[in-house]
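# Coordinate inspection notes
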Amino acid sequence: MKVQQKADHMKHPYTNQLIHESSPYLLQHAHNPVNWYPWGAEALNKAKQENKALIVSIGYSSCHWCHVMEHESFENEEVARIMNENFICIKVDREEHPDVDQIYMNAVQLISGRGGWPLNCFAIPDGRPFFGGTYFPKDHWINVLQQISDLYISDHQKVLDYATQLESGIQQSELMVKVDTSEKKLGVKILQKMVNRWEALMDHTHGGPTRAPKFPIPNNYEFLLRYASQHGDEHLLKHVELTLKKMAYGGIYDQIGGGFARYSTDEKWKVPHFEKMLYDNAQLVSLYSHAYQYFKNPLYKQVVAETLSFIEREMTSPEGIFYSALDADSEGEEGKYYVWTKEELESELGGDTNLFFEYYRINNDAFWEHGNYILMRTEHPEKLGEKYGLSEIELNKKMACLKEKLLAVREQRIRPGRDDKSLTSWNAMMIKAYVDAYMAFVDPEYMKAAFRAAYLIEKKFKKADGGLYHTYKNDEAKINGLLDDYACMMDAYIFLYSVSLQPEWLNKANELALYVQQHFYDEKSGMFFYTSDENEVLVTQKTEVYDNVIPSSNSILARNLKKLAFYFENSEFEQISKQMLFNLEDKMVDYGSGYSNWAMLMMDFLDNNYEVVICGVDALTKLRQLQKNYYPQITWAGSENENKGFSFLKSRFITGKTLIYVCENNTCQLPVESIAETKNILGN
């Protein structure tokens, strides 16, 4: 035993409190010479007992600059000595504790006007921040440590004053005002103004926004597609098509293995930040599935199929739930796993080298650095087919074979690290993505994957009181669920019902909605806090309303409540949803891309929204035929068997027939039996 302990010490001369954690990010720091603690009462109590300031350092496992700062500073014994002697040091995985991250990110943004990760904040022992920043080079970090340490001792009152001022600023930034709705009416003019101002910020050459770096932000294009299709805006539809094509053809998309990187560092979607996140890929599968339903572009089908193959191959646990992320780095280099030299490609491709080089632009277009190329697909494959005497089908088959060959080669490389914890909200997005893909392509494997994950979440992620845990790993679920966990899970349940007509999923969604109303609702603002009333409040309770790379938890929840109001005849849910929308309405016009899911909620309340109820023995067959089309404005319902549990099913069954009821605001037209008649009523 002593020999083993000695061997472990020689391999890892330092071990801190993070060794007992399950988060891959925290475990990455478990052998730093810094005496890291995980977030919790132990660290805060120790800071109070020793009267030391806190360092709260926040990042995530696939964060490149987090790795850089760890290597430069947190693995350095001199830096660690200064940190250990003067501070109580806390490491936080922002994906495990987005509630903690939000508070300190808000603080750093108030201090410096910008944010990002790694996030490094100094706080007094009760957790209130007084200074912070993002990445610090080693020498700068040492200077900051010494200055803060001196200030904390020599002018402690100034530190307390800073903390009080920052606390006030954070609290002010989180204030939400409950708007008087008595004289307010929703109208499409707000959306028109929002889109008009937004268009000035659209890149009509490369797609996406007129800036770099470029993030996909799928919900932006969900809204733009829905708005443009409903209003016949051809210019906007072309922008959506352009963006989807450029992303699919660019380096941000893994041309060999499928799936998208987190963002592009340039305006052409060429050079990605190579980390792959589950939430990005889930939402992009949904977006490309919806785009296929509308445009019927085979490119979108290919993107969905390849991305879901990537998810199955690299991001799905043996149990059937989904991992969180893949690192940008491998062997200490960003992107090394994904890029190719000309020599590597030539040695594998043989006689197909020239064709492959032209198809994937292995020239100045795809050149990155150090002799490496990032594959980017040609925008004119038809010309290439003509040049090489290949039909479109032959060219596609040839490229698929070459990609498969290179994927096998690539899988022999040292892989990027994988964050193998499973987050409830991100898993819910992936479940919904599989459902969206099933609706578009009717592949039973997609349905199977969705239900497998959903049943496992029911079994493993649920609390005894009916609530949710936030994270799961090694057969253990922990950390109280946050609002996005509940909102995204409700969304997934509603979609599982929409595609299966199994009422158990609707009931589960409703149960979560009632739980959230009890534990998260803020009567004063008419919104929902990000943390439940069971969580200890740190500085303030955040109300998340801004739609970013993931839509805000409040906007997802508000859209769910609107649907559940129909399913369960719950007028209170509808009023809460409408109140939430009115609270944000004035903000939407000036910054549409930050409120795109709220804009979708506004469209949910406006005209041309339908409830389609299908009742009879062929209900599922007809449902699938209809759902292959693009109908974002429809709430789906129905049953194969007469069911008296829901009012929307009562008195709608006739023996031997399957009837389709198209309703608007609970007022239904005469039922029809054919898909063609239904499409005609729906205007398609």
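Presented here is an overview of the structure given in this document. (Residues numbered from 1 in each chain as written. Predicted model: local features only at pLDDT ≥ 70, side-chain atom pairs only at ≥ 80, totals over all residues. Heavy atoms only, no water.)

### A word on the sheet that holds strand β15 (residues 422–423)
Reading across from one edge, β15-β16-β17 is the order of the three strands in this open sheet, with antiparallel pairing throughout. Either end of the sheet is taken by a strand with one partner, and the two such strands are β15 and β17 (476–480). (Pairing = 2+ DSSP bridges. Helix = DSSP H or I, 4+ residues; strand = E, 2+ residues; numbered from the N terminus.)

### Side note on the nonpolar core
Counting 191 residues, the largest nonpolar core has Phe-223 and Trp-598 as the members making the most contacts within it. Discounting residues that sit within four places of it in the chain, Phe-223 has contacts with Leu-191, Met-194, Val-195, Trp-198, Ser-596, Ala-599, Met-600 and Met-603. Val-56, Ile-90, Cys-121 and Val-539 belong to the second-largest nonpolar core, a separate cluster that totals 23 residues. (Core = buried A, V, L, I, M, F, W, Y, C linked by side-chain atoms within 4.5 Å. Buried < 20%, exposed > 50% of the residue type's maximum accessible area, 1.4 Å probe, protein only. Contact = heavy atoms within 4.5 Å.)

### Comments concerning the packing of helix α22 (residues 553–567) against helix α24 (residues 596–605)
Two elements in contact, α22 and α24, have axes separated by 9 Å at closest approach and are oriented at 15°. Taken together, the axis directions place α22 and α24 in an arrangement best described as roughly parallel. Classified by chirality, the crossing of α24 by α22 is left-handed. Taking contact as the criterion, the partners of Asn-554, Ser-555, Ile-556, Ala-558, Arg-559 and Lys-562 in α22 are, on α24, Asn-597, Trp-598, Met-600, Leu-601, Asp-604 and Phe-605. Looking at the contact of α22 with α24 residue by residue, the classes come out as six nonpolar, three polar and three charged. (Axes fitted to C-alpha atoms, helices over the stretch in contact; angles between N-to-C directions. Parallel < 35°, antiparallel > 145°, perpendicular 65-115°, else oblique. Left-handed = near helix turned anticlockwise from the far one by under 90°. Nonpolar A, V, L, I, M, F, W, Y, C, P; charged D, E, K, R; others polar.)

### Notes on the state of the cysteines
Under the defined criterion, the tally for this structure stands at two disulfides. The residue that forms a disulfide with Cys-63 is Cys-66, at a sulfur-sulfur distance of 2.3 Å. Between Cys-63 and Cys-66, the S-S dihedral sits near 80°, and the bridge is therefore right-handed. Relative accessible area serves as the criterion here: at 2%, Cys-66 is assigned to the buried category. The disulfide partner of Cys-663 is Cys-668, and the gap between their sulfur atoms is 2.0 Å. Residues Cys-663 and Cys-668 share a disulfide whose torsion about the S-S bond is about 95°; that sign makes it right-handed. Judged by relative accessible area, which is 29%, Cys-668 ranks as partly exposed. With its disulfide-bonded cysteines labelled consecutively along the sequence, the chain is connected as 1-2, 3-4. (Disulfide = S-S within 2.5 Å.)

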